[in-house]
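Structure at a glance
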There are 4 protein chains.
Amino acid sequence: MAQTGFGSDNFSGVHKEIMDALAEANHGHEAAYGYDQHTESAIKVFKKHFTEDIDVFFVFNGTAANVLCLKAATDNYHAVICADTAHINVDECGAPERFTGCKLLVAASKDGKIGIEDIKVHMHGFGFEHHAQPKVISITQPTELGAVYRLEEIRAIVEYAHEHGLFVHMDGARLSQAAVFLNTGLGEITAGTGIDMLSFGGTKNGMMYGEAVVFFNRDLARNFKYIRKQAMQLGSKMRFVAAQFNALLSGNLWHRSAAHAHKMARILAEGVNSIESVRVTCPVESNAVFAVLPAHCIPILQEEFFFYVWNETDSEVRWVTSFDTGKRDIEDFIEKIKKVTQSR
Amino acid sequence: MAQTGFGSDNFSGVHKEIMDALAEANHGHEAAYGYDQHTESAIKVFKKHFTEDIDVFFVFNGTAANVLCLKAATDNYHAVICADTAHINVDECGAPERFTGCKLLVAASKDGKIGIEDIKVHMHGFGFEHHAQPKVISITQPTELGAVYRLEEIRAIVEYAHEHGLFVHMDGARLSQAAVFLNTGLGEITAGTGIDMLSFGGTKNGMMYGEAVVFFNRDLARNFKYIRKQAMQLGSKMRFVAAQFNALLSGNLWHRSAAHAHKMARILAEGVNSIESVRVTCPVESNAVFAVLPAHCIPILQEEFFFYVWNETDSEVRWVTSFDTGKRDIEDFIEKIKKVTQSR
Amino acid sequence: MAQTGFGSDNFSGVHKEIMDALAEANHGHEAAYGYDQHTESAIKVFKKHFTEDIDVFFVFNGTAANVLCLKAATDNYHAVICADTAHINVDECGAPERFTGCKLLVAASKDGKIGIEDIKVHMHGFGFEHHAQPKVISITQPTELGAVYRLEEIRAIVEYAHEHGLFVHMDGARLSQAAVFLNTGLGEITAGTGIDMLSFGGTKNGMMYGEAVVFFNRDLARNFKYIRKQAMQLGSKMRFVAAQFNALLSGNLWHRSAAHAHKMARILAEGVNSIESVRVTCPVESNAVFAVLPAHCIPILQEEFFFYVWNETDSEVRWVTSFDTGKRDIEDFIEKIKKVTQSR
Amino acid sequence: MAQTGFGSDNFSGVHKEIMDALAEANHGHEAAYGYDQHTESAIKVFKKHFTEDIDVFFVFNGTAANVLCLKAATDNYHAVICADTAHINVDECGAPERFTGCKLLVAASKDGKIGIEDIKVHMHGFGFEHHAQPKVISITQPTELGAVYRLEEIRAIVEYAHEHGLFVHMDGARLSQAAVFLNTGLGEITAGTGIDMLSFGGTKNGMMYGEAVVFFNRDLARNFKYIRKQAMQLGSKMRFVAAQFNALLSGNLWHRSAAHAHKMARILAEGVNSIESVRVTCPVESNAVFAVLPAHCIPILQEEFFFYVWNETDSEVRWVTSFDTGKRDIEDFIEKIKKVTQSR
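None of these values were measured; they are calculated from a predicted model.

The next subject is the overall build of chain A. Regarding its fold elements, chain A presents 13 helices and 11 strands. Against the compact-globule benchmark of 20 Å for 344 residues, chain A has a radius of gyration of 20 Å, which places it among compact chains. Structurally, chain A occupies a C-alpha span of about 60 × 55 × 35 Å along its principal axes. When contacts within chain A are restricted to residue pairs at least 6 apart in sequence, those whose partners lie at least 24 apart make up 75%. Distance between charge centres in chain A, computed from 33 positive and 42 negative side chains, equals 3 Å.

Here you go:
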């Protein structure tokens, strides 16, 4: 496979500063299972960014971060309202249903975003035992289609949810992108909007592995250590996850990496927008560009640059940039697209 | 906490050669989720060690390796026979029951080992729908108490299991230790004994994270990729798990590291055996020493060297050595024990 | 509450002939858990109606019949395609997801019926481990909206399903209604169409309790006795379920009762159709009438006749008839509706 | 099979007074799912017997009553301590583990009874996330071996449990037997001892089907209606379960039936005790007699009288009496045993 491409931000490797942090953490013995000093300091760094009043737990991957958040907030007979495009709905092989017992109630979305009206469709049957009881609204920030919820949009959802006794979960596998786009800190778009819990992604922003579950509603965290263990997500040498988060968050690496990836996506979008037969289909608010292009061009481009077809029927493709995407890669790619689309 | 100690082999860090392999793997883009070249070559190396006729899958940790093996071989109404001391029985917070739906049938053990007679106690109720149906025998090699099953013991269990339509799972979180002690290769004690599936541990032998599920009975592997994904155990940047296994298994690192840890345990056991008030309680066949010593000595020793009390009532302790345990650490520790036990 | 009404066919009591059969079965001792002579003969009667080549199991209620059918045909990582209106989707409090681990993939429906095009929307992602794998298509016959699939419609779905490696489940909580409407036997619309498994309802056709799970694809029945037991659905004094099915199916009681209820629904529909402000909204092909009427009339009618509002927004109501609905009840009800709708 | 025998109390039919109550309840329409007048009055009768301050729910069978009690009181990572002989441990095909996710911690028992010392063996690992957290102690009253806990024994367990933050569940599938033996009311041995929840059995005391879940700790009942529905245990024509309980509990039928069965067991035990080669092995405190007799006699006796071998190795058998066991049946049986045992 090509050494570069636009397949996904998890096709990239590990940021050098994070590799250095791993090496740094590799001295002597440390207690396992999170009772080590790196975990302790990583939690402190999270508190600095998000807010003091949180509980933080590390898990191995994004699937787990999402599913375990939902598990912490639900009983088996509850339901989770999410966008039809939500990763938890389409890309987890049924893990949320399997591990929580809950039904997912799928709301129509625009660019992956849902609003109160979409949510309302599922807000009925409360107290009626034949009906799975809605308990969580889950939103993805930025969405799987690269769009970013504005602060007031999140606050409206949170307010509506809390009024009706529901919790709000944010799937932040690429949260840093949203902070870059909105020009805010990580706390402002999370704690600041009143959400109850967050999956915070590291892997798609230059880490090797590891994601964080952050509870703003700390009641939900009370028994989380047991949930994590029983869910097979308690790592033994946890200092190595913690060290990576320390590297990501202690300075501004999280922001630098995300901003770079975003910039590359913008350049790519602008570059292809000027090509007649290519149309960008979603707002470019993070590190992904969705575009429609002539079907016959796709396999030709894929020979050199790996990327996924998002929607076979419409010949819509997804191009994802990363912390390590070079400007030159983008330029070469745009050039190639131009050539291929004009060749007929 | 002390920079060295005998808490567990997952208190140690990562072997330098494995760190190097991680750095080596960190170039350019690679397909995620195991469709990369490192995973491909790691699987080849597994086949060289174990036997060509296997399927190999990487997961994040030992809990998952064990639970997912059991899941692959059972329906919800089955039962798993294991030792009372088995990690799956006492240290997984009920994860096996939770994720497989199966009942664990607990057999009495000697040094963590079970034999046909212990197993037979649970071999009834077949075809009787009120009874969870025994389907898997799970053994730990070496056991949680540091003892190693001899090849003929395993073969006897396998033969008995297969005669009765049961599968055999081996929890090999420290399998390399058994190979060192029995002076065999990894294949001889696994494929060579006829077991159906194996959890092969990397983390306790110098890796950062990552364990392998190995199916010798390949029918059981058929749908495993879905099981792994739904169980939240599919890593995206899988090349980094694969690279570690490549480093561990391509040369003889797995053996060197295990042999060293074993040697340190032997020295420790011999050293303390000569101390009057200390008694080694289990055979030292891997990298752990279990010993009884005067209760008042334990906290004094723990001030300087971290280790766990195994059995409060008997003041039995567990000392685990690791690839990075120094001979000097052992000597200092023995010296200290002598001093402390004689000080009254 | 009113002694009569149109709330549901499970508001009615037990048919006299079934009560007699219960009394008849109440002599002496019989082996429990289905190893009795009544169960034996009930299974024979099922075979006479449906086809010899089946397996039959009794469970307590319709929720269980549906969920256990799905469980028998799926692994946890599978998905079930069903209509948005399907009982398993909207009225089981998430029991299908909870007990099977499967995702429900919801297809748009017309009068509760789905066709190949609706199903196709979900027929993708096969072999892709991130995607719950479609394995069962579940249809309700007649639908929750009272419509009946024609034989060729079912055969088309079955053919499509089998071509793609999926099974077909039929929720036949009111199957007798469909047989009456299509003027067929019970076997013709089930075995005759090639479906793999059936939930056959007794309670809504005059039984006290008890439903049957019928496997036409007998491979799926192989371990069903364990599934039923573990699902808490194995009744001890099973002769009393069997005796009811014997009464229902040995003669033509099933047909008489269903035909009567259907006739009552037709009379009701015809009666209200002539009322200007009332509109019947779904085909009346079973024992339910769906109608829209002026919102203010609903509570007035409900004072005397119990029934449910189906859709608050549209003031659509559901009226269900039963084996014991009197012609006089229908006439009184029509009269009342006339009076109430014209009173403003 | 023989028209009479000692197989189990669920081999018997339905008490005439209960059949009459079913016929009585079979008039007109009633709201389904427990919103009917029979259910309302049955709950009142429960309150009269047990105590006003309870919540009562009806389910279909004893498996469900037990499993749903446990579910209501636990999270997935909890553990339930019970006797090795407990029905939930040996006779539910793993339903408790499957539906609750909890581990069962098995305590050694005497005649099926456990005491504080047996329980204590499992009272460790609290707060330690690797360990399933003990949360419920489940006792069977009378036990599966026919012994009855004395009030002070139950109170001691309850006191110990509550001190340690655990709940107490009583499996009362044959609770009426205990009340007869202890000469108390139903409330005295349940509410009066401080237990948190009860499975109260009807089927083994002359009902057709139906068991009750009774919460003395009403916090545990808060979401039970959803648990019951999702567990497929919500019956539609619930009035017919309620009517049976009304018949059982409104007068003294529950006591009459239980007392009769107990008396028959006493006569049987006394009768066989005088036979030299027969030895009664458990206290006869309910409606079961456990006895050891010469192995060769068992099949001869079984030709005429059905009963189960309890323990093949020891040729121990179980004889269960019922509300409809005749004194003559007992006498015939004793005579037969005498003849058979002396015939060699």
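Picking up where we left off.
Let's shift gears to the side chain of Arg174(A). Residues and elements named next belong to chain A. Turning to its location among the elements, arginine 174 is positioned in the loop between strand E5 (167–172) and helix H8 (175–182). Classification of arginine 174 by relative accessible area gives buried; the value is 16%. Once you skip the residues sitting within four places of it in the chain, arginine 174 turns out to touch Ser8, Asp9, Gln141, Pro142, Lys204, Asn287 and Arg318.

Moving on, we get to the interface of chain D and chain A. Opposite the 20 residues of chain D that make contact, chain A presents 20 residues. Both faces considered, chain D and chain A share a buried interface measuring about 1,900 Å² in area, 49% of it formed by carbon and sulfur atoms. When the buried area of chain D at its contact with chain A is split by residue, Tyr77(D), Glu129(D) and Tyr226(D) rank highest and sum to 41% of it. On the surface where chain D and chain A come into contact, there are 0 salt bridges. Scanning the region where chain D abuts chain A turns up 18 residue pairs in polar contact (both at pLDDT 80 or more). Of the residues in the side of chain D that touches chain A, the class split is 7 nonpolar, 7 polar and 6 charged.

Residues and elements named next belong to chain A. Here helix H13 (residues 327–342) is 16 residues long and its end C-alpha atoms lie 23 Å apart, about the 22 Å a rise of 1.5 Å per residue gives. Of the residues making up H13, those classed as buried are Asp329, Ile330, Phe333, Ile334, Lys336, Ile337, Val340 and Thr341. When H13 is viewed along its axis, its buried side chains cluster within an angular range of 165° and face the same direction. Summarising the geometry of H13, the exposed residues directed more than 90 degrees from the buried face are Arg328, Lys339 and Gln342. Buried positions along H13 lie against helix H11 (253–273), helix H12 (297–304) and strand E11 (316–320).

A few words on the sheet that holds strand E4 (residues 133–140) of chain A. Residue and element names in this part refer to chain A. Reading across from one edge, E1-E7-E6-E5-E4-E2-E3 is the order of the 7 strands in this open sheet, with mixed pairing throughout. Strands with a single pairing partner mark the edges of an open sheet, and in this sheet they are strand E1 (55–59) and strand E3 (103–107). Each strand of the sheet is rotated relative to its neighbour by a mean of 20°, with strand direction disregarded. As judged from the 4 bridges shared by E5 and strand E6 (residues 197–201), these two strands associate in the parallel manner. Note that in E6 the partner of aspartate 171 across the bridge is serine 199. The strands touched by helix H2 (residues 37–49) are E1, E6 and strand E7 (211–215); relative to E1, the strand with the most contacts, the crossing angle is about 125°.

Each aromatic ring pair is summarised here by two numbers: the centre-to-centre distance and the angle between the ring planes. Considering all chains together, one arrives at 92 aromatic pairs over all chains under this definition. Relative to Phe333(A), the ring of Phe305(A) lies with its centre 4.7 Å away and its plane at 50°, an arrangement referred to as tilted. Taken together, the residues span a long stretch of sequence, with Phe305(A) in the loop between H12 and strand E10 (308–311) and Phe333(A) in helix H13 at a distance of 28 residues. Both residues of the pair, Phe305(A) and Phe333(A), belong to the buried class. Ring geometry for Phe11(B) against Tyr308(B): centres 6.1 Å apart, planes inclined by 85°, an arrangement best described as edge-to-face.

Turning our attention to the relation of the copies chain D and chain A. Between chain D and chain A, the superposition needs a rotation of 180° and an axial shift of 0.0 Å, giving an RMSD of 0.0 Å. In symmetry terms, the pair is related by a two-fold rotation axis. Taking C-alpha positions as the reference, the residue of chain D nearest the rotation axis is Asp75(D), at 4.4 Å. When the interface residues of chain D are mapped onto chain A, 100% of them are again interface residues, pointing to one common binding face.

One copy of the chain maps onto the second through a rotation around an axis plus a translation along that axis. For the pair chain B and chain A, the best superposition has an RMSD of 0.0 Å and corresponds to a rotation of 180° with a translation of 0.0 Å parallel to the axis. Counting the interface residues of chain B, we find that 100% of their copies in chain A are interface residues as well, pointing to one common contact surface.

Residues and elements named next belong to chain B. Where helix H2 (residues 37–49) meets helix H10 (residues 239–250), the axes come as close as 8 Å, and the angle between the chain directions of the two elements is 35°. Judged by the sense of rotation from one axis to the other, the crossing of H2 with H10 is left-handed. Note on element contacts: H10 touches H2 through Arg239, Ala242, Ala243, Phe245, Asn246, Leu249 and Ser250, opposite His38, Thr39, Ser41, Ala42, Val45, Phe46, Lys48 and His49. Residue classes in the contact of H2 with H10 are distributed as 7 nonpolar, 6 polar and 2 charged.

Once that is clear, we can look at helix H13 (residues 327–342) of chain C. Here H13(C) has its buried residues at Ile330(C), Phe333(C), Ile334(C), Lys336(C), Ile337(C), Val340(C) and Thr341(C). The elements touched by buried residues of H13(C) are helix H11 (253–273), helix H12 (297–304) and strand E11 (316–320) of chain C.

Residue-level pLDDT values for chain A average 96, and 99% of them are 70 or greater. For this predicted complex, the interface confidence comes out at an ipTM of 0.97, alongside a pTM of 0.97.

What follows covers the interface of chain B and chain A. In this complex, chain B contributes 53 residues to the contact, which on the side of chain A involves 53 residues. Here chain B meets chain A over a buried area of about 4,700 Å², counting both sides, of which 54% is carbon and sulfur. For the interface between chain B and chain A, the tally reads 2 salt bridges. The closest approach of N and O atoms between Glu92(A) and Lys229(B), which form a salt bridge, is 3.3 Å. Of all the elements, helix H3 (residues 62–73) of chain B adds the most residues to the side of chain B that touches chain A, at 5 residues. In terms of residue class, the side of chain B that touches chain A is built from 25 nonpolar, 18 polar and 10 charged.

Residues and elements named next belong to chain C. Of all the 8 residues making up strand E4 (residues 133–140), 7 are buried; the element is thus mostly covered by neighbouring parts of the structure. Sheet topology places strand E2 (residues 78–83) next to E4; 5 bridges connect them, and they run parallel. Paired with histidine 78 across the two strands is glutamine 133, which belongs to E4. Crossover connection from E4 via helix H7 (residues 151–163) to parallel strand E5 (residues 167–172): handedness right-handed.

Residues and elements named next belong to chain C. By secondary structure assignment, the location of glutamate 285 is in the loop between strand E8 (279–280) and strand E9 (288–292). What makes glutamate 285 buried here is its relative accessible area of 10%. Reaching out from glutamate 285, the side chain makes a polar contact with the side chain of arginine 150 at a distance of 3.1 Å.

So, about the sheet that holds strand E8 (residues 279–280) of chain B. Residue and element names in this part refer to chain B. Taken together, 4 strands build an open sheet; the order of strands is E8-E9-E11-E10 and the sheet is antiparallel. The open sheet terminates on both sides in strands that have one partner only, identified here as E8 and strand E10 (308–311). Across 3 bridges, the pairing between E10 and strand E11 (residues 316–320) is antiparallel. In the sheet register, tyrosine 308 faces E11, and the bridge partner there is arginine 318. Across the sheet, helix H11 (residues 253–273) lies against E8, strand E9 (288–292) and E11, angled at about 15° from E9, the strand it touches most.

With that settled, consider the environment of Lys110(A). Relative to the assigned elements, Lys110(A) resides in the loop between E3 and helix H6 (116–120). Here Asp111(A) takes part through its side chain, which lies 3.5 Å from a polar atom of the side chain of Lys110(A).

Quick look at the packing of H8(A) against H11(A) now. Residue and element names in this part refer to chain A. At a minimum axis separation of 9 Å, H8 and H11 run at an interaxial angle of 75°. Taken together, the axes of H8 and H11 lie roughly perpendicular to each other. Residues Ser176, Gln177, Ala179, Val180 and Phe181 of H8 lie in contact with H11, whose contacting residues are Trp254, His255, Ala258, Ala259, Ala261, His262 and Arg266. Split by residue class, the contact of H8 with H11 holds 7 nonpolar, 4 polar and 1 charged.

A word on the pattern of salt bridges. One pass over the structure, following the stated rule, counts 56 salt bridges over all chains. As a salt-bridge pair, Asp20(A) and Lys16(A) come within 2.7 Å of each other at their nearest N and O atoms. Of this pair, Asp20(A) and Lys16(A) both sit in helix H1 (residues 16–25), 4 residues apart, which is roughly one turn of the helix. By relative accessible area, which is 38% here, Asp20(A) ends up partly exposed. The salt bridge partner of Arg174(D) is Asp9(D), with a shortest N-O separation of 2.6 Å. On the criterion of sequence distance, the pair formed by Arg174(D) in the loop between strand E5 (167–172) and helix H8 (175–182) and Asp9(D) in the segment before helix H1 (16–25) is long-range, its members being 165 residues apart. In the salt-bridge network here, residues are joined through shared partners; they are Asp53(A), Asp55(A) and Arg218(A).

Conventions and cut-offs
- Each chain carries its own residue numbering, running from 1 in the direction its sequence is written.
- Key to labels: chains lettered from A, ligands numbered from 1, both in the order written.
- Only residues with pLDDT of at least 70 get local features here, since the model is predicted, and only at 80 or more are side-chain atom pairs given and counted; chain-wide, interface and lining totals rely on the full set of residues.
- By convention in this description, side-chain values take in all heavy atoms of the structure and omit both hydrogens and water.
- Here a strand is any run of E in DSSP of at least two residues, a helix any run of H or I of at least four, and the numbering for each starts at the N terminus.
- Just to be clear, the radius of gyration here is over C-alpha atoms, and the globule rule we use is 2.2 Å times residues to the power 0.38.
- Any two residues having at least one pair of non-hydrogen atoms within 4.5 Å are treated as being in contact.
- As used throughout, the charge tally considers Lys and Arg to be positive and Asp and Glu to be negative, leaving His and the chain termini uncounted.
- Note on charges: their place is set at NZ of Lys, CZ of Arg, CG of Asp or CD of Glu.
- Any residue under 20% of the maximum accessible area for its type is buried, any over 50% is exposed, and the rest in between are partly exposed; the area is computed with a 1.4 Å probe on protein chains only.
- Accessible surface is computed with a 1.4 Å probe, and the buried area is the amount of it that two parts give up when combined, taken over both parts together.
- A pair is scored as a salt bridge if a Lys or Arg side-chain nitrogen falls within 4 Å of a carboxyl oxygen belonging to Asp or Glu.
- Any pair of N or O atoms that falls within 3.5 Å is considered a polar contact. Within protein, one atom must be able to donate a hydrogen and the other to accept it, and sequence-neighbouring residues count only if both atoms are side-chain atoms.
- Under the scheme applied, nonpolar residues are Ala, Val, Leu, Ile, Met, Phe, Trp, Tyr, Cys and Pro; charged residues are Asp, Glu, Lys and Arg; polar residues are all the others, including Gly.
- The span one expects for a helix is its residue count, reduced by one, times 1.5 Å.
- When we speak of the arc, we mean the arc of directions from the helix axis to the C-beta atoms.
- A pair of strands is labelled paired if DSSP reports no fewer than 2 bridges between them.
- Only C-alpha atoms enter the line fits that serve as axes; for helices the fit covers just the stretch in contact. Angles between N-to-C directions range over 0 to 180 degrees.
- Ring pairs shown here join Phe, Tyr and Trp side chains whose ring centres sit within 6.5 Å, with only the six-membered ring taken for Trp; geometry is labelled stacked below 30 degrees between planes, edge-to-face above 60, and tilted in between.
- Superposing the copies works by least squares over the C-alpha atoms of residues that have pLDDT at least 70 in both of them.
- For any helix crossing, the convention is left-handed if the near helix is rotated counterclockwise from the far helix by under a right angle, and right-handed if that rotation is clockwise.
- Note: pLDDT gives the predictor's confidence per residue, expressed from 0 to 100.
- Crossover handedness is defined by viewing with both strands directed away from the observer: a clockwise path from the first strand over the helix to the second marks the crossover as right-handed.
- For classification, angles of less than 35 degrees are called roughly parallel, those exceeding 145 degrees roughly antiparallel, those between 65 and 115 degrees roughly perpendicular, and all remaining angles oblique.

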